Amino acid sequence: MVGNIRLNESKLGSQQYWDDFYKKEIENFNTNSEDTGECWFDDSNAETKIIEYLLNYFEEGKAADDATILDVGTGNGHLLFQLHEELSESDVGEKAQFVGIDYSPHSVLFAKEIANRKYSDVGFKFEQVDLLQKECTFIQKNQGAFQIVLDKGTLDAIALNQQPIAEFGGKIGMEIYASQVSQMMAEGSILLITSCNFTESELIDVITESGTNDLSVYDRIEYPKIQFGGVEGSTVCSIAFMKK
Ligand SMILES: C[S@@+](CC[C@H](N)C(=O)[O-])C[C@H]1O[C@@H](n2cnc3c(N)ncnc32)[C@H](O)[C@@H]1O
């Protein structure tokens, strides 16, 4: 167990919930092609801040122009599409490759549909992948393949499922997540996670497995602080972890 961190069980931790969710988003998109779906943590301006962070990362020469970028639990792919838009207006990341994975078949259908209709010249790749599968072909084929890995709200969803996974000796999803994702990261690559369910220190504990694995804190994104009951905090946090 990672520390004693546990979130409550919720329907947001089930594949059925997310598949129904993206099925609905496809229906909305088919009625109005401007409606490309929910942008999680928009009220905290998280997506804009993540993209600003990544633009700087490229501009400072920390990522190559042809960097491989993976979004885990990509949902409607919004973060990748928006990142592409911003990179194409800058003079960095011109040849970046964008890959999104999600375990919901309707998420993948939806992201592919948006990519086909709006960005057919870019070559976005979307694939249905369950991050928590032991014999996962995508993970096996992509060992060390990505320079930037993004997660906005996916670990949060995973942590809302407390069901033990037999093929991982009864561990729950959030205890398996770091080792699964880390396999796809190149040495020196970053995993930028944005969460509303974990505090910064909990997130660090979960991802570094209390400082015992090959991921360590690299950087963080600042969000405006709020005060509650004399305690200061933010509604979301984003932390970048580097693979040693
Ligand atoms: C809160 S949504 C965030 C979606 C997207 N990242 C965004 O910011 O709009 C959580 C996403 O994680 C995906 N997800 C949850 N568990 C997963 C797993 N084990 N493997 C792959 N995707 C998963 C869900 O299908 C859903 O798309």
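Residues numbered from 1 in each chain as written. Predicted model: local features only at pLDDT ≥ 70, side-chain atom pairs only at ≥ 80, totals over all residues. Heavy atoms only, no water.

If you check an unreviewed UniProt entry, the protein chain appears there as Protein-lysine N-methyltransferase EFM4 from Pichia sorbitophila. Taken verbatim from the UniProt record of the protein chain, the Subcellular location (unreviewed entry) comment is "Cytoplasm". Per its UniProt entry, the protein chain bears the Sequence similarities (unreviewed entry) comment "Belongs to the class I-like SAM-binding methyltransferase superfamily. EFM4 family." (UniProt positions renumbered as here; feature names shortened; annotations may be inferred.)

**Some points on the overall build of the protein chain**
For the protein chain, the count of helices and strands is eight helices and nine strands. Computed over the C-alpha atoms, the radius of gyration of the protein chain is 17 Å, within 12% of the 18 Å expected from 2.2 N^0.38 for a compact globule of 244 residues. On the principal axes, the C-alpha backbone points of the protein chain span a range of 45 × 45 × 40 Å. The contacts of the protein chain with a sequence gap of at least 6 include a subset with a gap of at least 24, amounting to 78%. Working note: accessible area of the protein chain is about 11,700 Å², and carbon and sulfur atoms make up 46% of it. (Helix = DSSP H or I, 4+ residues; strand = E, 2+ residues; numbered from the N terminus. Rg over C-alpha atoms; globule rule 2.2 N^0.38 Å. Contact = heavy atoms within 4.5 Å. Areas by Shrake-Rupley, 256 points an atom, 1.4 Å probe, with all protein chains shown as cover.)

**Some thoughts on a negative patch on the surface**
Taken together, the side chains of Glu 59, Asp 65, Asp 66, Asp 91 and Glu 94 define an acidic patch exposed on the protein surface. Along the chain, the position of Glu 59 falls in helix H2 (residues 46–59). Since its relative accessible area comes to 48%, Glu 59 is described here as partly exposed. (Patch = residues over 30% accessible without salt bridge, like charges linked within 9 Å, V, L, I, M, F, W, Y side chains within 5 Å. Salt bridge = Lys/Arg side-chain N within 4 Å of Asp/Glu carboxyl O. Lys, Arg positive; Asp, Glu negative; His and termini not counted. Charge placed at Lys NZ, Arg CZ, Asp CG, Glu CD. Buried < 20%, exposed > 50% of the residue type's maximum accessible area, 1.4 Å probe, protein only.)

**A few points about the side chain of Ser 238**
Mapping Ser 238 onto the fold places it in strand E9 (residues 237–243). Residue classification places Ser 238 among the buried positions, given a relative accessible area of 0%. A polar contact is formed between the side chain of Ser 238 and the side chain of Thr 194, at a distance of 2.8 Å. For Ser 238, the side chain forms a polar contact with the side chain of Tyr 223, separated by 2.6 Å. Filtering out sequence-adjacent residues up to four positions away, Ser 238 remains in contact with Ile 50, Leu 192, Ile 193, Thr 194, Arg 220, Ile 221 and Tyr 223. (Polar contact = N/O pair within 3.5 Å; in protein donor to acceptor, adjacent residues only side chain to side chain.)

**Examining the UniProt feature "domain: Methyltransferase" (unreviewed entry) in the protein chain**
The UniProt feature table records "domain: Methyltransferase" (unreviewed entry) at residues 65–212. Taken end to end, residues 65–212 is 36% helix and 22% strand, and its first and last C-alpha atoms sit 32 Å apart.

**A few points about the packing of H2 against helix H3 (residues 78–88)**
Contact geometry for H2 and H3: axes closest at 10 Å, N-to-C directions at 45°. Accordingly, the angle class assigned to the pair H2 and H3 is oblique. Once H2 is placed against H3, the crossing between them reads as right-handed. Contacts between H2 and H3 involve Glu 47, Ile 50, Ile 51, Leu 54, Leu 55 and Phe 58 from the first element and His 78, Leu 79, Gln 82, Leu 83, Glu 86 and Leu 87 from the second. Tallied by class, the residues present in the contact of H2 with H3 amount to eight nonpolar, two polar and two charged. (Axes fitted to C-alpha atoms, helices over the stretch in contact; angles between N-to-C directions. Parallel < 35°, antiparallel > 145°, perpendicular 65-115°, else oblique. Left-handed = near helix turned anticlockwise from the far one by under 90°. Nonpolar A, V, L, I, M, F, W, Y, C, P; charged D, E, K, R; others polar.)

**Some details on the packing of helix H1 (residues 15–31) against helix H4 (residues 105–118)**
Remark: H1 packs on H4, axes separated minimally by 7 Å, with the N-to-C direction vectors making an angle of 30°. Taken as axis vectors, H1 and H4 run roughly parallel relative to one another. Handedness of the crossing formed by H1 with H4: left-handed. On H4, the residues touching Gln 15, Asp 19, Tyr 22, Lys 23, Glu 25, Ile 26, Phe 29 and Asn 30 of H1 are Pro 105, His 106, Ser 107, Leu 109, Phe 110, Glu 113, Ile 114, Arg 117 and Lys 118. Residue classes in the contact of H1 with H4 are distributed as seven nonpolar, four polar and six charged.

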